[in-house]
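# Examining the three-dimensional arrangement
What follows is the residue order along each chain.
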Amino acid sequence: AKVVKVNPDTPQKSVRVAALRSEKTLYVPQPRLRTGFFSRIQPGKVPPEKYNFAATAGGMKQLAEPMDLDDRTKIDVVVIGSSAVNPETGMR
């Protein structure tokens, strides 16, 4: 895969960092569609020492390129998250 889309949720941060380390183009949906539909970081645009920051909401806002619906990039892999909740105790 060359292009990876990963949800912006905190539990997927390590996946976003791994995508950057693996020199993948990273797409992350923008929370509340603030400045575009997706944020994109292409290989070589962020130095390795900033990968952990780049994988956060603040890092995406500062370092990523906002993309709109006109972007027709083919996404190779989509990573989503889920959680299980005990219906009796509410524990995750």
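This text goes with the structure placed above it.
Notes on the structure in this doc start here.

Parameters and conventions
Residues numbered from 1 in each chain as written. Predicted model: local features only at pLDDT ≥ 70, side-chain atom pairs only at ≥ 80, totals over all residues. Heavy atoms only, no water. Pairing = 2+ DSSP bridges. Helix = DSSP H or I, 4+ residues; strand = E, 2+ residues; numbered from the N terminus. Axes fitted to C-alpha atoms, helices over the stretch in contact; angles between N-to-C directions. Contact = heavy atoms within 4.5 Å. Buried < 20%, exposed > 50% of the residue type's maximum accessible area, 1.4 Å probe, protein only. Arc of directions from axis to C-beta. 1 Å grid on protein atoms, 1.4 Å probe; cavity = no way out; pocket = protein on both sides within 12 Å on 5 of 7 lines; lining within 4 Å. Points joined across faces, edges and corners; volume = space filled by probe spheres on them. Right-handed = clockwise from strand over helix to strand, strands pointing away. Core = buried A, V, L, I, M, F, W, Y, C linked by side-chain atoms within 4.5 Å.

Next up on the list: the sheet that holds strand E3 (residues 38-41). Taken in spatial order, the five strands line up as E4-E3-E2-E1-E5 in an open sheet, and their pairing is mixed. Each edge of the open sheet is held by one strand with a lone partner, namely strand E4 (65-67) and strand E5 (77-79). For this sheet, the mean inter-axis angle between neighbouring strands, taken without regard to orientation, is 25 degrees. Strands in contact with helix H1 (residues 13-21) are strand E1 (3-6), strand E2 (25-29), E3 and E5; relative to E2, the strand with the most contacts, it is inclined by about 155 degrees.

This next bit is on H1. What H1 keeps buried is the set Arg16, Val17, Ala19 and Leu20. Projection of H1 onto a plane perpendicular to its axis shows the buried side chains occupying an angular sector of 160 degrees, all on one side. Away from its buried face by more than 90 degrees, H1 exposes Ser14 and Arg21. Against E1, E2, E3 and helix H2 (51-54) lie the buried residues of H1. Immediately downstream of H1, the backbone of Glu23 shows phi near 60 degrees, a positive value.

As enumerated under the stated definition, the model contains one cavity of 30 Å³ or more in all. Along the walls of the largest cavity sit Leu20, Glu23, Lys24, Ile41, Gln42, Pro43, Gly44, Lys45, Val46 and Tyr51, which together make up its complete lining.

This part covers the pairing of E1. Along E1, one buried face is formed by Val3 and Lys5 and the opposite face, lined by Val4 and Val6, is buried too. For the handedness criterion, the β-α-β arrangement of E1, H1 and E2 is classed as right-handed. Alignment of E1 against E5, held across three bridges, turns out to be parallel. For Lys5, the partnering residue across the bridge sits in E5 and is Val78.

Considering soluble globular proteins, one finds that nonpolar side chains tend to be buried as a cluster. Membership of the largest hydrophobic core comes to 14 residues, with the highest contact counts inside it found for Leu20, Leu26, Ile41, Val46, Tyr51, Ala54 and Met60. Put simply, the parts of the chain that give this core at least two residues each are E1, H1, E2 and H2. Broken down by element, this core gets its largest block of residues, three residues, from H1. Among all residues touching Leu20, those that are not within four sequence positions of it are Leu26, Ile41, Tyr51 and Ala54.

The residue Glu23 is not glycine, and still its phi comes out positive at about 60 degrees. Examined against the element boundaries, Glu23 turns out to sit in the loop between H1 and E2.

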